[in-house]
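Observations on chain architecture
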Amino acid sequence: MKAGVVPILMRHTQWMLFVCSVTHTFIHVFTMMHTALIPVFIREFNLSIFEAGLLASIPQVLSILISLPYGLITDRIDPRKLIALSLLISGFSGLAVSQANSFLTLLLPLSFIPLSSTIYHPPALTIVSELFSEDRRSRILGIHAAGGTTGVAIGPITLGLIMMKFGWRFSYLIWCIPMFLSILLLFSLPGVKIAAYKEAAAEESKAVGLKIIKRGFLLLLLAMSVSSIGQQALSAYMTTYLVSVRNLSESAASLLYGLSPFVGILGSLIGGYLGDRIGNKRWLSASYIGRMLVYMGIWLGPLWILVAIYPTGGFFTGSTMGPLTSLIARFSPKRRRGLAYSIFMLVPSLMGSFSPLIAAKLIETYSITGLFPFAILLMLTSILFLQTLPQE
């Protein structure tokens, strides 16, 4: 290979990583905004705790219904078109949320926001996982995850800043414009030759779809599922806890809620690096232990400890994305990686469909503080499952 070709290829792959990371940011801007607004929705739309739980669970049900059928076709379609479709769905959903005037008109567009994320991730992760060699995969996927974590963080933070002066609806409107404009970046990415997929499929056996059902893949999904139940149950009512138990204002709770994933940007970068250095399984276990300690501090510590320790939860959460997506790539066949990532994204959607309802039942039966020991116990169980993963 000529000396001048290598820098050109490197710039090309770096640009592809940049575009995927930017679009990842915008696809996640709305991810946590509606959960940060749960106390506001309860007051403005006169919702019960159960109805508030439906706002978090029903959108996940829609994602579940489409995940597997979508996963079966995602490897056959140009990923640029799928990413563009996801951004369009998210942008128009944000516009509709800003105009909602009832529970139903709020629930419908909120249901399409997780759907846009479901459509986005398999093609984007497939592209990014193949940009560099396997020994750098966790770091590169960590960079891509940092883009998504940035979006998750920016949403609630801008919500907290804008809501005080302009109201919560303007927070959805303001992000639709850059979201639509980011679609233009996709035209700079190379197309995918669908014929290549057909040739690859012909080389594999008819049972190729079953090849991703490996022991490591199933164990990883199980560990993710268990931790996700507790994490999402707690996340759905975290701002409610901060407002009703810790007596923070709604805007202050939203800012603190958004600060956690903002620190997760650093976690995504460091977690990807450490996954490559010490092993993905080891770092995942360490990050889950760190998250348990954070939950204990938020639950049992005084307010100053809560404020100090809360952002570190975002660090540990963000630090898992590079290692997790790298392990998914390792435990799945290359030519069905889109399907593997669809199943990977199905797990949080599936858990998110009923974990807020479990949380609501726990709150009604005991109290909102009962969510913390529930999440800690599930996190510990997930760590035990991680120890059974095959050695790297």
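Shown above is the structure to which this text applies.
If you're wondering where the values come from, they're calculated on a predicted model, not measured in any experiment.

On to the overall build of the chain, then. Helix and strand counts for the chain stand at 17 helices and zero strands. Of all 392 residues assigned to the chain, the portion counted as buried reaches 58%. Intrachain contacts of the chain at a sequence separation of at least 6 include 86% that bridge at least 24 residues. Of the roughly 16,300 Å² that the chain leaves accessible, carbon and sulfur atoms contribute 71%.

Moving on, we get to the environment of Ile157. Within the element layout of this structure, Ile157 appears in helix 7 (residues 137-166). Taking relative accessible area as the criterion, Ile157 reaches 19% and is therefore assigned buried. Once the C-alpha coordinates of Ile157 and Leu256 are considered, the two residues, 99 residues apart in sequence, prove to be 7.9 Å apart.

The next point concerns the nonpolar core. Ranked by internal contacts, the top residues of the largest apolar core, which has 108 residues, are Phe30, Phe41, Leu55, Trp168, Tyr172, Leu220 and Met238. Leu55 has contacts with His34, Ile38, Phe41, Leu47, Phe103, Leu106, Leu107 and Leu110, leaving out every residue within four places of it along the chain. Core analysis: the next-biggest nonpolar cluster, separate from the first, contains five residues, Tyr70, Leu82, Leu115 and Ile119 among them.

Turning our attention to the environment of Leu384. You can see Leu384 is positioned in helix 17 (residues 371-386). Leu384 sits in the exposed class, given a relative accessible area of 55%.

With that settled, the discussion passes to helix 6 (residues 103-129). In this model helix 6 runs 40 Å from its N-terminal to its C-terminal C-alpha over 27 residues, within 8% of the 39 Å that 1.5 Å per residue would give. The sharpest bend along helix 6 reaches about 30 degrees and sits at His121, with the proline Pro122 one to four residues further on.

What follows deals with unusual backbone geometry. Look at Asn46: it is not a glycine, yet its phi comes out positive at around 55 degrees. Summarising the element assignment, Asn46 is placed in the loop between helix 3 (38-44) and helix 4 (49-74). Although it is not a glycine, Asn247 sits at a positive phi angle of roughly 60 degrees. Take Asn247: it is sitting in the loop between helix 11 (238-244) and helix 12 (250-278).

Turning our eyes to something else, we now look at the pattern of salt bridges. One pass over the structure, following the stated rule, counts three salt bridges. A salt bridge links Asp78 to Arg80; the nearest nitrogen and oxygen atoms lie 2.8 Å apart. Relative accessible area serves as the criterion here: at 9%, Asp78 is assigned to the buried category. Put simply, Arg139 and Asp276 hold a salt bridge, and the shortest N to O gap is 3.0 Å. Of this pair, Arg139 sits in helix 7 while Asp276 is found in helix 12, placing the two residues 137 residues apart along the sequence. Relative accessible area serves as the criterion here: at 22%, Asp276 is assigned to the partly exposed category.

Before going further, it helps to examine the packing of aromatic side chains. Given two aromatic rings, one states the distance between the centres and the angle between the planes to describe the pair. Going through the model one piece at a time under the given rule, you end up with 12 aromatic pairs. Seen from their ring centres, Phe166 and Phe170 are 5.4 Å apart, and the 40 degrees between their planes marks the pair as tilted. Given the relative accessible area of 54%, Phe166 is considered exposed. Counting every residue linked through ring pairs, the aromatic cluster contains Phe30, Phe41, Phe45, Trp168 and Tyr172.

Definitions and limits used
Residue positions are counted from 1 within each chain, in the order its sequence is given. Only residues with pLDDT of 70 or above have their local features reported here, since the model is predicted, and side-chain atom pairs are shown and tallied only from 80 upward, although totals for entire chains, interfaces and linings are computed over all residues. To obtain the side-chain values, all non-hydrogen atoms of the structure were included, while hydrogens and water were left out. Strands are runs of DSSP state E lasting at least two residues, helices are runs of H or I lasting at least four, and both sets are numbered from the N terminus onward. Note on classification: 1.4 Å probe, protein chains only; a residue is buried when its accessible area is under 20% of the maximum for its type, exposed when over 50%, partly exposed between these limits. Whether two residues touch is decided by their heavy atoms; if any such pair falls within 4.5 Å, the residues are in contact. Throughout, the Shrake-Rupley method with a 1.4 Å probe supplies accessible areas, and for residues the shown protein chains are the sole cover considered. What is meant by a nonpolar core is a set of buried Ala, Val, Leu, Ile, Met, Phe, Trp, Tyr and Cys residues, joined one to another through side-chain atoms within 4.5 Å. One less than the number of residues in a helix, times 1.5 Å, gives the span that helix is expected to have. Bend at a residue means the angle formed by two fitted axes: the first through the 7 residues ending at that position, the second through the 7 residues beginning there. Each reported salt bridge corresponds to a side-chain nitrogen of Lys or Arg within 4 Å of a carboxyl oxygen of Asp or Glu. Each Phe, Tyr or Trp ring (for Trp, its six-membered ring) is paired with any other whose centre lies within 6.5 Å, and the angle between the two planes then decides the class: stacked below 30 degrees, edge-to-face above 60, tilted in between.

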